[in-house]
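Coordinates in review
Spelled out, the chains give:
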Amino acid sequence: MGTVRILRVYEEPEPGEYRVLVDRLWPRGVKKDSIDLWLKEIAPSTEVRKSFGHVAERFEAFERDYTQELTHNPEVQQLRELIEAHAKVVLLYGAKDSQQNQAAVLMAFLNKTS
């Protein structure tokens, strides 16, 4: 199994990392060739994303709701297969907050359910 980490999409990945964008929306100013795969369907639904709105006080509810969505999301299996197939995978996100974002929730979910 490969190693997995999260990184803001505007930061430089390490050499050899397979870059997976896990946002529903394409980040501004990012070129298509800087991403290996866009798994937009693994991102939180528009409803869950908008109810969070990157407000710290709403993160707990966001985490709960997004985790619930992930338990029924077939893209999770595709991501697990990618992690198995690549030595290094980086999950990219566009949010400014490095702690309270969907990639952090996704990573915690993958670690809990592996």
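Cut-offs and rules
Residues numbered from 1 in each chain as written. Predicted model: local features only at pLDDT ≥ 70, side-chain atom pairs only at ≥ 80, totals over all residues. Heavy atoms only, no water. Buried < 20%, exposed > 50% of the residue type's maximum accessible area, 1.4 Å probe, protein only. Helix = DSSP H or I, 4+ residues; strand = E, 2+ residues; numbered from the N terminus. Pairing = 2+ DSSP bridges. Contact = heavy atoms within 4.5 Å. Axes fitted to C-alpha atoms, helices over the stretch in contact; angles between N-to-C directions.

Description of the pairing of strand β4 (residues 88-93)
Taken across its 6 residues, β4 has 5 buried, putting it largely inside the fold. Relative to β4, strand β2 (residues 18-21) is paired through 4 bridges, and the arrangement is parallel. Looking at the pairing, Tyr18 lines up with Val89 of β4.

Topic: the sheet that holds strand β1 (residues 3-8)
Spatial ordering of the open sheet is given by β1-β4-β2-β3, a layout of 4 strands whose pairing is parallel. Two strands bound the open sheet, and with one partner strand each, they are β1 and β3 (37-38). Where helix α3 (residues 75-85) meets the sheet, its contacts fall on β1, β2, β3 and β4, and the angle it forms with β4 comes to roughly 140 degrees. Most of the contacts of helix α4 (residues 102-113) go to β4, to which it runs at about 140 degrees, and overall it touches β1 and β4.

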